[in-house]
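Here is how the chains run, residue by residue.
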Amino acid sequence: MIYLTDKLAVTADGECYMVGKPAQRRGKGVELRNPRYYSTLAQAVRAAVSATLRQKVAENEITTLQEFIRQEKALQEHFTKLLEPLEH
């Protein structure tokens, strides 16, 4: 499992990548709650950026369009750098 933020992680099986909220289950380890499924890691990370922004708006951490745009750009740049080794 790869933690993308404190509230989102990605994991994979033989068919797809899954993004969801990591949750500890007693005796079962960490699992993803409400996973969404993607065929590539790049798609999964793009979705994680969108979900992170949506969470920040819902929790009033982002309250203006300017702040949304600033944080969206920062998250895109951060995750793009993380994905660069996978693009080659």
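Refer to the preceding data block for the structure.
Residues numbered from 1 in each chain as written. Predicted model: local features only at pLDDT ≥ 70, side-chain atom pairs only at ≥ 80, totals over all residues. Heavy atoms only, no water.

## With respect to a nonpolar patch on the surface
Taken together, Met-1, Tyr-3 and Val-30 make up a surface patch of nonpolar side chains, about 290 Å² in accessible area. Mapping Met-1 onto the fold places it in the segment before strand E1 (2–3). Judged by relative accessible area, Met-1 falls into the partly exposed class, the value being 44%. (Patch = residues over 30% accessible without salt bridge, like charges linked within 9 Å, V, L, I, M, F, W, Y side chains within 5 Å. Areas by Shrake-Rupley, 256 points an atom, 1.4 Å probe, with all protein chains shown as cover. Salt bridge = Lys/Arg side-chain N within 4 Å of Asp/Glu carboxyl O. Helix = DSSP H or I, 4+ residues; strand = E, 2+ residues; numbered from the N terminus. Buried < 20%, exposed > 50% of the residue type's maximum accessible area, 1.4 Å probe, protein only.)

## Side note on the nonpolar core
Membership of the largest hydrophobic core comes to 16 residues, with the highest contact counts inside it found for Leu-4, Val-10, Val-19, Ala-44 and Phe-79. Every element with two or more residues in this core is listed here: helix H1 (41–58) and helix H2 (65–87). It is H1 that provides the largest number of residues to this core, a total of eight residues. Dropping the residues within four chain positions of it, Val-19 is found in contact with Leu-8, Ala-9, Val-10, Leu-32, Asn-34, Pro-35, Arg-36, Tyr-38, Ala-44 and Ala-48. (Core = buried A, V, L, I, M, F, W, Y, C linked by side-chain atoms within 4.5 Å. Contact = heavy atoms within 4.5 Å.)

## Notes on the pairing of strand E2 (residues 9–12)
Moving residue by residue along a regular strand, the side chains alternate between the two faces of the sheet. Examined bridge by bridge, E1 and E2 share two bridges and lie antiparallel to one another. Bridged to Tyr-3 within E2 is Ala-9. Linking two consecutive strands that pair antiparallel, namely E2 and strand E3 (residues 17–25), is a turn of four residues. (Pairing = 2+ DSSP bridges.)

## Describing H1
If you check H1, its first and last C-alpha atoms are 25 Å apart, about what 18 residues at 1.5 Å a residue would give, namely 26 Å. Listed in full, the buried residues belonging to H1 are Leu-41, Ala-42, Ala-44, Val-45, Ala-47, Ala-48, Val-49, Ala-51, Thr-52 and Leu-53. Just past H1, the residue Asn-60 takes up positive phi, approximately 60°. (Expected span 1.5 Å × (residues − 1).)

## Notes on the pattern of salt bridges
Under the counting rule described, the total for this entry stands at three salt bridges. Linking Glu-59 and Lys-7 is a salt bridge whose minimum nitrogen-to-oxygen distance equals 2.8 Å. With Glu-59 in the loop between H1 and H2 and Lys-7 in the loop between E1 and E2, this residue pair connects regions lying 52 residues apart in the sequence. When its relative accessible area of 40% is taken as the criterion, Glu-59 is described as partly exposed. The partly exposed category is assigned to Lys-7, whose relative accessible area is 26%.

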